[in-house]
Amino acid sequence: MNLALIPLLPLLGAVIPSLFRSRNLNALTAGAIAGISMLLLLFQAPAVFNGEMPLASWSWIPTIGLNFAFRVSGFGFMFAFLILGIGLLIVIYARFYISADDPMGRFYTYLLLFMGSMLGIVLSENIILLMMFWELTSISSFLLIGFWSYRTDAREGARQALVITGGGGLAMIAGFLLLGNIVGSFELTTILASKEILHAHHLYPVTLILILLGAFTKSAQFPFQFWLPHAMAAPTPVSAYLHSATMVKAGVFLLALLFPVLSGSSLWFYIVTPVGLITLMFAAYMAMFKDDLKGLLAYSTVSHLGLITLLLGLGSPLAAFTAVFHILNHAAFKAGLFMLAGIIDHETGTRDMKRLSGLWKYMPITGTLTMLGCAAMAGVPLFNGFLSKEMFLAETLEPNLFGAFSWIVPVGATLAAVFAVAYSIRMVHDVFFKEPATDLPKKPHEPPHGMRLPAEILMTICLLVGLFPMTLAAPMVNVAAGSILGAATPDYHIAIWHGLNMALAMSVIALAGGAMFYLQRLRLFDSHRWCMRYCDGKANFEAFISGVVQGGRKLTGLMENGSLQRYIALLVGAVVVLGASPFFGSSAPLIGPLAMSSVDPVTLVMGLVLIVCAVATVVHHRNRILAIIMLGTVGLIVSLSFIRFSAPDLALTQISVEVVTIILLMMALHLLPRTTPVESSSARRWRDILLSVAAGGGCTALMMAVLTRPYDTIAGYFLENSKPGGGGTNVVNVILVDFRGFDTLGEITVLVIAGLVIYAMLHNFELTAPKIDALGRPWVQDRFPMILAQITRPLMPLALLFAAYIFLRGHNEPGGGFIAGLIVASVLILQYISSGIVWTRPRLTVDNHIIMAWGLVIAVATGVGSWMVGYPFLTSSFTYLKWPLVGKFEVASAIAFDLGVFLAVVGSVMLVLVKLGSMNSADAEIVSTSVQNEKDEQEGAH
Amino acid sequence: MELLFTSCLGVMIACGVYLMLRARTFPFVLGLTLLGYAVNMFLFVSGRLKTNLPAVVSPEQLQYTDPLPQALVLTAIVIGFAMVAFVVVLALRASGELGTDHVDGHKENNS
């Protein structure tokens, strides 16, 4: 558990610092949390230095191979030590750096969040877990870069960093999943031992490239280097911590961690080495021309990350050993230099090297520290930077896979070293020497000692490691490199003096060349200027992003112009294209092997009538009444076709829905214009005809292909179990109320919701129907026809009886709740039509809302009822009763459910039609007055 | 028979789509209704065209029609009605609010 607490403590405790108002308490709590983690880590030290690897594992989601597992390898220990050690120094530094106006508690919260995620990366045993922490660092880095969220550059820098590292993270997830699937485990211990399996697999190149993408974006390798300099908009403690010492090292950490499995192929060499070399040179070159202190340091960081990448790319054990050593050295001097840059910024108000000069007079201690740091950065002997740099230069001389072009590597490395010396000299000389500056925003002075302390500690370490490498650094580097390389770890003696060799010559060239470059800097600046126009990564990034946004906007504008016609045309067109496309690549015939059945004359005639009526609906659609009549005919033939093809339930449903639909359309037409004007151009009409013929033809072809092929249905199950399981012989109805009862419940819910929405839309809304028809004739003002009214009134009880019959027999014969509900609704509507709303409304006083609601309540209650007696929701049960006169009678709980369906259908259909019918404002007036009159009469009678 | 059935279906879909591409709400509703018929039949016929076969189980009967598409289509018919009713009322409300029955609410045709 102690092991898991190392990363979890900062994550869980992240919120604590923001609970306090006092800035000292903020820093103190954050420091305490990091300190406890550090102690827990140090408890692991004896085991780690003994060559063991403590492991702690809990099963989390075993089905996807995710374990909550942590390990402390030597390399992980070194990194965790760096993260916590520098983290503690940053906590102190930030206490003095962050001003009183900024929310310091929140800053420490983000910082701890980041610290925990970063520890999680270096200590994870499971790579899925590692991935989660990886993403967490991207997010916490986003929050930290954007800490001064009122600044545009902070927001842009944060967004850029998130897009680049988050995007790389996505690639890496894919790479990790592939890796885990190839190896068969997501545990690092297994993965690290599976080099042969991975290299033999055909997906190795894809896996490698995806993982490298993740690592390169995180470590700001070319061509993703540009996000890091812009992340410098962050407060300096963040830059010192995340963007020099820790987070950007996560990429090279990963490269080194997976070095034993991923490396060793030519592909690895050909990708990693050039990327490292280009990054090293390009960033060192860019660093020379940065006027911003932090910009210089940022590019220098990118360059050093390139150096580490290059070393890992070279692939030899000693190169990996050197990479580990340089990670350590670079973290020490770069974090210190960032802190010093922050101090200069803090105490002078600027970090522009064109304005800063001659600070030595005011800040001699800061100046000395900066000199030490820059000496380490430049690789001056007696500093730690010199040691790893010389080892690096020696490594570049080893033969490599570039063959005849092997010289590129050492030459490039030396050139980059020259640049590094030049920018290091510039940082010291431009800032602290030359004439004292006169126009600084603040009067410069030394910072409070607490702010300088962390840099002092780090610079002391740089110097001491440079002087006594074997005592101070070698044990840690050996353990760390040993955990990566295993038996292949070189027995290397780190020393200042290796004799007169090529690497020393290269160091000397670098120092001399760098000094010369610095002296000639004015000429260099000129030649650099034109180059900047093309190499500005940020401008390219922003141009790319705005291009994407504009392109997206254009595309949206093209497709989403607010015209329903265009949407439907695009939708239908897309469906036709998508539906047709598989047929073009296929050699299978469209028509399958089954023979078609013969056509009888009646069916043929009906089919032709349907076609004629459907076409007539279109041809006459401007004459709306005629179109409705044609449409009604189509609907009738559709219901007849259901009878013809053995579906009496559907026929009954269709014909009753047909009635209410046509009534609905007629009522709507009463309030809408009766004709449709000619609007579309003929070209538009032809396009639409083409599109609809394609859609219709496509469906015909598709259905033909289906119908002429044999099929296998699951209906057998329903047919077998309908009677014994559901207690009914009408399988369609048993499916509705029993097998698929839950679906039906959802469907009547939709029906009820539709009814309510329609009611809401029509509530308090008035439309006045025109007083004249399309031809200008006034509407007839006659009373309702008497014969119709007299016939329909006695019809009502008969129809209700019939509905009851249909309802009751539904479980065993065609019928059921849906159909009975529709019949009742139609007959009620008939009363409204024949006798008018004024007569009918007072006689049908039951509120349709209530009916509808009861329907749902009963349906749900039936379901819950089976719950109560211990069965799953909506399980039906049935029994047989013997009634006198009627005979044996079956009672199923499903019938109660069907009653719910019935009521919901009646209620919602009535709700819609009655509401729509009483909407015409002129009619509504009559209704309200007549209802009032009737009430008055009744009251008078009492 | 299959060819006749699918041709009817294709004609209904073509007519429905054409009407839905018109610029006024009423033809749109007509088209939606037609398309609704066609889609229901499309689903229904996936259980194949059977003549004179019941979906009611009895001991003598050996062959049955496929009851599953029928059950699915039955509710689809009712839901289809609810949808048409909804669109009709939306069209009414829109014409009341906007003073036009154009599908995009344009007073004049400029689509």
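These figures come from a predicted structure and were not determined experimentally.

A few words on the overall build of chain B. When its secondary structure is counted, chain B shows three helices and zero strands. Listed by position from the N terminus, the elements making up chain B come as α-α-α. Along the first, second and third principal axes, the C-alpha atoms of chain B reach 65 × 25 × 15 Å. Counting across all 111 residues of chain B, residues that qualify as buried make up 64%. With the model as given, the accessible surface of chain B reaches about 3,700 Å², and the carbon-plus-sulfur share is 63%.

Counting secondary structure elements, chain A contains 38 helices and four strands. For a compact globule of 942 residues, the expected C-alpha radius of gyration is about 30 Å, and chain A comes in at 41 Å, more than 25% above that figure. Projected onto its principal axes, the C-alpha positions of chain A cover 120 × 60 × 60 Å. In chain A, which comprises 942 residues, the proportion classed as buried is 54%.

Another aspect to go through is the interface of chain B and chain A. Taken together, the contact pairs 79 residues of chain B with 107 residues of chain A. In this assembly, chain B packs against chain A so that about 8,500 Å² is buried in total across both faces, 77% of it on carbon and sulfur atoms. Considering only the side of chain B, the residues that lose the most area to chain A are B:M1, B:F26 and B:F81, jointly responsible for 9% of the buried surface there. The interface formed by chain B and chain A includes two salt bridges. The shortest N-O distance in the salt bridge between A:D688 and B:R22 comes to 2.1 Å. Viewed at the interface, chain A and chain B are joined by 23 residue pairs in polar contact (both at pLDDT 80 or more). Breaking the side of chain B that touches chain A down by element, the ones donating at least two residues are helix 1 (2-20), helix 2 (25-45) and helix 3 (67-98) of chain B.

Looking now at the pattern of salt bridges. In total, this model carries 17 salt bridges over all chains according to the counting rule given. In this structure, the salt-bridge partner of A:R452 is A:E446, at a minimum N-O distance of 3.3 Å. Since its relative accessible area comes to 9%, A:R452 is described here as buried. Note that B:R24 is salt-bridged to B:D101, the shortest N-O span being 2.6 Å. In this pair, B:R24 sits in the loop between helix 1 and helix 2 while B:D101 sits in the segment after helix 3, placing the two residues 77 residues apart along the sequence.

A few words now on the side chain of A:Q831. Residue and element names in this part refer to chain A. Residue position: Q831 is located in helix 35 (residues 817-840). In this structure the side chain of Q831 is engaged in a polar contact, spanning 3.0 Å, whose partner is the backbone oxygen of T792. Discounting chain neighbours no more than four positions away, the residues touching Q831 are T792, R793, M796, G836, W839 and T840.

Now for the packing of helix 26 (residues 564-584) of chain A against helix 30 (residues 682-707) of chain A. A pair of packed helices is characterised by two quantities: the angle between their axes and the separation of those axes. All names here are of chain A. Helix 30 packs onto helix 26 with a crossing angle of 40 degrees between their chain directions and a minimal axis gap of 10 Å. In terms of their interaxial angle, helix 26 and helix 30 are classed as oblique. Relative to helix 30, the crossing made by helix 26 is left-handed. In contact with Q565, A569, V572, G573, V576 and F583 of helix 26, helix 30 contributes R684, R687, L691, A694, A695 and L702. Grouping the constituent residues of the contact of helix 26 with helix 30 by class yields eight nonpolar, two polar and two charged.

So, on to the nonpolar core. Formed by 198 residues in total, the largest nonpolar core has its most connected members in A:F75 and A:W268. Tallying contributions element by element places helix 16 (residues 317-348) of chain A first for this core, with 19 residues. Here this core spans two domains, since at least three of its residues come from each of domain 1 (1-165 + 225-260) and domain 2 (263-519) of chain A. Those residues in contact with A:W268 that sit more than four places away from it in its chain are A:Y204, A:L208, A:L212, A:L255, A:F259, A:L262, A:S263, A:T273, A:L312 and A:G313. If you look at the next biggest cluster of nonpolar residues, it comprises 133 residues, including A:V618, A:A627, B:M12 and B:L19.

The subject of this paragraph is the side chain of A:T109. All names here are of chain A. Mapped onto the fold, T109 is located in helix 4 (residues 104-123). In this structure the side chain of T109 is engaged in a polar contact, spanning 2.6 Å, whose partner is the side chain of S18. With residues near it in sequence (within four places) discarded, T109 still touches A14, V15 and S18.

Quick look at the environment of A:E156 now. With respect to the element layout, A:E156 can be found in helix 6 (residues 152-183). Each C-alpha atom, one on A:E156 and one on A:A231, is 8.7 Å from the other, the two residues being 75 residues apart in sequence.

Glancing now at the environment of A:G917. All names here are of chain A. Examined against the element boundaries, G917 turns out to sit in helix 37 (residues 893-917). Residue classification places G917 among the partly exposed positions, given a relative accessible area of 27%. For the pair G917 and L652, spaced 265 residues apart in sequence, the C-alpha separation works out to 25 Å.

A few words now on the packing of helix 30 of chain A against helix 1 of chain B. Following both chains from N to C, one finds helix 30 of chain A and helix 1 of chain B inclined at 150 degrees, their axes separated by 8 Å at the closest point. Viewed along their axes, helix 30 of chain A and helix 1 of chain B adopt a mutual orientation that is roughly antiparallel. Crossing of helix 30 of chain A over helix 1 of chain B shows right-handed handedness. The segment helix 30 of chain A lies against helix 1 of chain B, with A:R685, A:D688, A:I689, A:S692, A:V693, A:A695, A:G696, A:C699, A:T700, A:M703, A:M704 and A:L707 engaging B:E2, B:L3, B:T6, B:S7, B:L9, B:G10, B:I13, B:A14, B:V17 and B:Y18.

Regions with low pLDDT carry predicted coordinates that are not meant to be interpreted in detail. Averaged over every residue, the pLDDT of chain A is 85; residues scoring 70 or more account for 94%. Element-level pLDDT for chain A is lowest in helix 38 (residues 921-941) of chain A, with a mean of 57, against a maximum mean of 93 in helix 9 (residues 204-218) of chain A.

A separate point is the pairing of strand 1 (residues 55-61) of chain A. Residues and elements named next belong to chain A. As defined by bridge partners, strand 1 adjoins strand 2 (residues 66-71) across six bridges and the pair is classed as antiparallel. Bridging from a neighbouring strand, A56 pairs with F70 of strand 2. Once strand 1 ends, the chain turns through four residues before running back antiparallel as strand 2, passing G65 with a positive phi of about 75 degrees.

What follows concerns helix 27 (residues 601-619) of chain A. Its 19 residues place the ends of helix 27 of chain A 27 Å apart at the C-alpha level, agreeing with the 27 Å of an ideal helix rising 1.5 Å per residue. Where helix 27 of chain A is buried, its residues touch helix 28 (624-644) of chain A together with helix 1 and helix 2 of chain B.

Residue and element names in this part refer to chain A. Counted according to the given criterion, the structure contains 28 aromatic pairs over all chains. With 5.2 Å between their ring centres and 85 degrees between their planes, F68 and F70 make a pair best called edge-to-face. Residue classification places F70 among the buried positions, given a relative accessible area of 0%. When the centroid spacing of 5.1 Å and the interplanar angle of 10 degrees are considered together, the rings of F75 and F253 count as stacked.

Time to look at a nonpolar patch on the surface. Residue and element names in this part refer to chain A. On the surface, V15, I16, L19, F20, L25 and L28 cluster together to form a nonpolar patch covering roughly 540 Å² of accessible area. Relative to the helices and strands, L25 resides in helix 2 (residues 23-49). A relative accessible area of 35% means that L25 is categorised as partly exposed.

What follows concerns the state of the cysteines. Two cysteines whose sulfur atoms are joined by a covalent bond form what is called a disulfide. The tally for this structure, following the rule as stated, stands at zero disulfides over all chains. Just so you know, A:C613 is unpaired, no disulfide at all, and the nearest cysteine sulfur is the one on B:C15, 11 Å from it. B:C8 forms no disulfide, and the closest cysteine sulfur to it belongs to A:C613, at a distance of 11 Å. Here B:C8 falls in the buried class, since its relative accessible area comes to 7%.

The rules behind each value
Residues numbered from 1 in each chain as written. Chains lettered and ligands numbered in written order. Predicted model: local features only at pLDDT ≥ 70, side-chain atom pairs only at ≥ 80, totals over all residues. Heavy atoms only, no water. Helix = DSSP H or I, 4+ residues; strand = E, 2+ residues; numbered from the N terminus. Buried < 20%, exposed > 50% of the residue type's maximum accessible area, 1.4 Å probe, protein only. Areas by Shrake-Rupley, 256 points an atom, 1.4 Å probe, with all protein chains shown as cover. Rg over C-alpha atoms; globule rule 2.2 N^0.38 Å. Contact = heavy atoms within 4.5 Å. Buried area = accessible area lost by both parts, 1.4 Å probe. Salt bridge = Lys/Arg side-chain N within 4 Å of Asp/Glu carboxyl O. Polar contact = N/O pair within 3.5 Å; in protein donor to acceptor, adjacent residues only side chain to side chain. Axes fitted to C-alpha atoms, helices over the stretch in contact; angles between N-to-C directions. Parallel < 35°, antiparallel > 145°, perpendicular 65-115°, else oblique. Left-handed = near helix turned anticlockwise from the far one by under 90°. Nonpolar A, V, L, I, M, F, W, Y, C, P; charged D, E, K, R; others polar. Core = buried A, V, L, I, M, F, W, Y, C linked by side-chain atoms within 4.5 Å. Domains from an automatic or database assignment. pLDDT = per-residue confidence, 0-100. Pairing = 2+ DSSP bridges. Expected span 1.5 Å × (residues − 1). Phe/Tyr/Trp six-rings, centres within 6.5 Å; stacked < 30°, edge-to-face > 60°. Patch = residues over 30% accessible without salt bridge, like charges linked within 9 Å, V, L, I, M, F, W, Y side chains within 5 Å. Disulfide = S-S within 2.5 Å.

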